[in-house]
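Chain residues, written in single-letter form:
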Amino acid sequence: MKFLKFTFIPLLLILAACAAPEAAPTSTPPPAVVVNTPTAAPPTPLPAPVVTDSGAADTDAEPEPVVEAVPPQPVKVRPWPATDFGYGIQVHGNATVGDPIDTMETVRNELGLDWVKMQIQWWLVKPDPTADQWFFYDGVINEAFNSNLNLMVSVVGAPEWTRAAGGIHGPPDDYNLYAEFLTELINRHPGKIDAIEVWNEQNLDREWVAANGINPEEYVQFLSVAYNAIKAADPSIIVISGALSPTGPGDWVSFANDFEYMDRALAAGMLDVADCIGAHHNGYNVPPDVLVQDTNTLPEAQTAVFRGPFDNQFSGNNPNTLWTFKSTIDGYIERIRTYENAKPLCVTEFGWASSEGYDVFPAGFEYAQDNTLQEQADYITQAFQIMQASPDIWLAFLFNFDFGNKGGGPSDDPTPYSIVDGNGVPRPAFGAIADMNKPR
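On a predicted model such as this, the values are computed, not experimentally measured, just so you know.

**Re the overall build of the chain**
For step 1, the next point in the chain: Along the backbone of the chain there are 11 helices and 10 strands.
For step 2, the next point in the chain: Burial analysis of the chain (440 residues in total) assigns 48% to the buried set.
For step 3, the next point in the chain: Partitioning the intrachain contacts of the chain with sequence separation of at least 6 by distance along the chain shows that 74% fall at a separation of at least 24.
For step 4, the next point in the chain: If you sum the accessible surface of the chain, you get close to 22,300 Å²; carbon and sulfur atoms cover 55% of it.

**Description of the nonpolar core**
For step 1, the next point in the chain: Residues Ile196, Val198, Leu345, Phe350, Phe384, Met387 and Ile419 are the most contacted members of the largest nonpolar core, which totals 85 residues.
For step 2, the next point in the chain: When residues in this core are grouped by element, the largest group, 7 residues, is from helix 5 (residues 216-233).
For step 3, the next point in the chain: Apart from the residues within four sequence positions on either side, Phe350 is in contact with His281, Phe325, Ile380, Ala383, Phe384, Met387, Ala396, Phe397, Leu398 and Phe399.
For step 4, the next point in the chain: Phe306, Trp323, Phe399 and Tyr417 belong to the second largest nonpolar core, which has 12 residues in total.

**Focus: the confidence of the model for the chain**
For step 1, the next point in the chain: Per-residue confidence for the chain gives a mean pLDDT of 87; residues scoring 70 or more make up 83%.
For step 2, the next point in the chain: The least confident element of the chain, judged by mean pLDDT, is strand 7 (residues 314-315) at 73; the most confident is strand 5 (residues 238-241) at 99.
For step 3, the next point in the chain: This stretch, residues 1-58, has a pLDDT under 50; its non-local contacts, to residues over four places away or in other chains, come to 5 contacts.

**Concerning the sheet that holds strand 1 (residues 86-90)**
For step 1, the next point in the chain: Taken in spatial order, the 8 strands line up as 5-4-3-2-1-10-9-6 in an open sheet, and their pairing is parallel. Unpaired on one side and paired on the other, strand 5 and strand 6 (277-281) mark the two borders of the sheet. Taken over all neighbouring pairs, the strand axes of this sheet differ in orientation by 25 degrees on average, direction set aside.
For step 2, the next point in the chain: The pairing of strand 4 (residues 195-198) with strand 5 spans 4 bridges and is classified as parallel. Counterpart to Glu197 in the pairing with strand 5 is Ile240.

**Notes on the packing of helix 4 (residues 175-188) against helix 5**
For step 1, the next point in the chain: Across the interface, helix 4 lies against helix 5 with an axial gap of 9 Å and an inter-helix angle of 30 degrees. Classed by the angle they form, the pair helix 4 and helix 5 counts as roughly parallel. Regarding helix 4 and helix 5, the two cross each other, and that crossing is right-handed. Contacts between helix 4 and helix 5 involve Tyr175, Asn176, Tyr178, Ala179, Leu182, Thr183, Ile186 and Asn187 from the first element and Glu218, Gln221, Phe222, Val225, Ala226, Ala229, Ile230 and Ala233 from the second.

**Comments concerning the environment of Arg307**
For step 1, the next point in the chain: Within the secondary structure, Arg307 is located in the loop between helix 7 (300-303) and helix 8 (308-311).
For step 2, the next point in the chain: Along the sequence, Arg307 and Tyr367 sit 60 residues apart, while their C-alpha atoms lie 8.3 Å from each other.
For step 3, the next point in the chain: In contact with Arg307, not counting residues within four places along its chain, are Glu300, Ala301, Gln302 and Asn312.
For step 4, the next point in the chain: At 3.0 Å, the side chain of Arg307 and the backbone oxygen of Ala304 are in polar contact.

**Remarks on the pattern of salt bridges**
Pairing is possible between side chains that carry opposite charge, provided their charged atoms lie close to one another.
For step 1, the next point in the chain: Under the defined criterion, the tally for this structure stands at 17 salt bridges.
For step 2, the next point in the chain: Asp194 is the partner of Lys76 in a salt bridge, and the nearest nitrogen-oxygen pair spans 3.0 Å. Of this pair, Lys76 sits in the segment before strand 1 while Asp194 sits in the loop between helix 4 and strand 4; the two residues are 118 residues apart in sequence, bridging distant segments of the chain.
For step 3, the next point in the chain: Judged by relative accessible area, Lys76 falls into the buried class, the value being 15%.
For step 4, the next point in the chain: Notably, a salt bridge pairs Asp311 with Arg307, separated by 3.0 Å at the nearest N-O pair.
For step 5, the next point in the chain: Classification of Arg307 by relative accessible area gives partly exposed; the value is 24%.
For step 6, the next point in the chain: Among the charged side chains, a salt-bridge network with shared partners connects Lys76, Arg78, Asp194 and Asp234.

About the criteria used
- Residues numbered from 1 in each chain as written.
- Predicted model: local features only at pLDDT ≥ 70, side-chain atom pairs only at ≥ 80, totals over all residues.
- Heavy atoms only, no water.
- Helix = DSSP H or I, 4+ residues; strand = E, 2+ residues; numbered from the N terminus.
- Buried < 20%, exposed > 50% of the residue type's maximum accessible area, 1.4 Å probe, protein only.
- Contact = heavy atoms within 4.5 Å.
- Areas by Shrake-Rupley, 256 points an atom, 1.4 Å probe, with all protein chains shown as cover.
- Core = buried A, V, L, I, M, F, W, Y, C linked by side-chain atoms within 4.5 Å.
- pLDDT = per-residue confidence, 0-100.
- Pairing = 2+ DSSP bridges.
- Axes fitted to C-alpha atoms, helices over the stretch in contact; angles between N-to-C directions.
- Parallel < 35°, antiparallel > 145°, perpendicular 65-115°, else oblique.
- Left-handed = near helix turned anticlockwise from the far one by under 90°.
- Polar contact = N/O pair within 3.5 Å; in protein donor to acceptor, adjacent residues only side chain to side chain.
- Salt bridge = Lys/Arg side-chain N within 4 Å of Asp/Glu carboxyl O.

Okay, here's the thing in structure tokens:
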């Protein structure tokens, strides 16, 4: 609710035509002193002032100052209400690249969003046990707070010194080391972090290399340790389970089917150690309101360069839900709803790639050729509207804002998803998001 402040200026009474005006009192006058004096005749009343409509100004009266309305400033809401939908976007996140002040002011004041997401690479901050390289991220965290943005961080990448197998693409051997890092992060930035996503796409072996391979039950144990540490440090922080990568049937070595993985994680108690269940989808070349079994009814089915959603949409007699945003998100919600302690979904990464305006596109991202810049804008705003209308979705983060001019050029995976181009110039999706109605 917004309140307008008004200044009331007392009217000055003209006591006598020849008398000099008196200054208004600036403080409470002292109590009057009563003196016994002879009773005097009552004074003759002053004549009423003469009011004319000649329009001439009274040269003796002080002009009333013009009060200009001050537009309301965005206010950070913390903790975020369970009844409110949060509009968010992922930013590059490395404070050594670009200007965090400009980034956050743009997200808040031009795009009009409530939330921002960044990813923190644990190994980059702590390449060895004694290292302390927080400068990579401190500036981004601080400027999100200064711009009254709610901040979600995805924390990934265990340092090699925490893993007997080496490498950074997996959890530490001792889950408590991850918990200690989260505690240090929260204590370093008290009140500035509003949600933490615990890992990322752990149904892929490139993200979860562990002794027992891809394992939902072990991930839930990992999430439990992180959840308890986060809540001990700051109970207001929203804990989000690591979002799964939408996939087809998996071999459970290189990757696992996301629906099968979620079924096992939910059965292992994931809802007990998360406030929100993470989800991803990259849109491909299908609008956000289309089920996978209906993709062949689209005009794109005849013209698309990338054929995945159209020619290879089925696995046996079952539709391969990975190809469409709606089929994937609906599938997650249906699974969560079967539990009494159901939690909302947080879509921590979604978007549509467009290579329009570039001469090349990232290898494996052929579908970026099929989406025009206008379609990218339309699909993004439509997806936001669909998610805001859903009672099962709490937060949503578009991927991405500024990788277009802070990444590795047009052949870099995140570039065609960005809403600014390689020169930092806004693409049509930028204006569409800025103009989009954002009810909570």
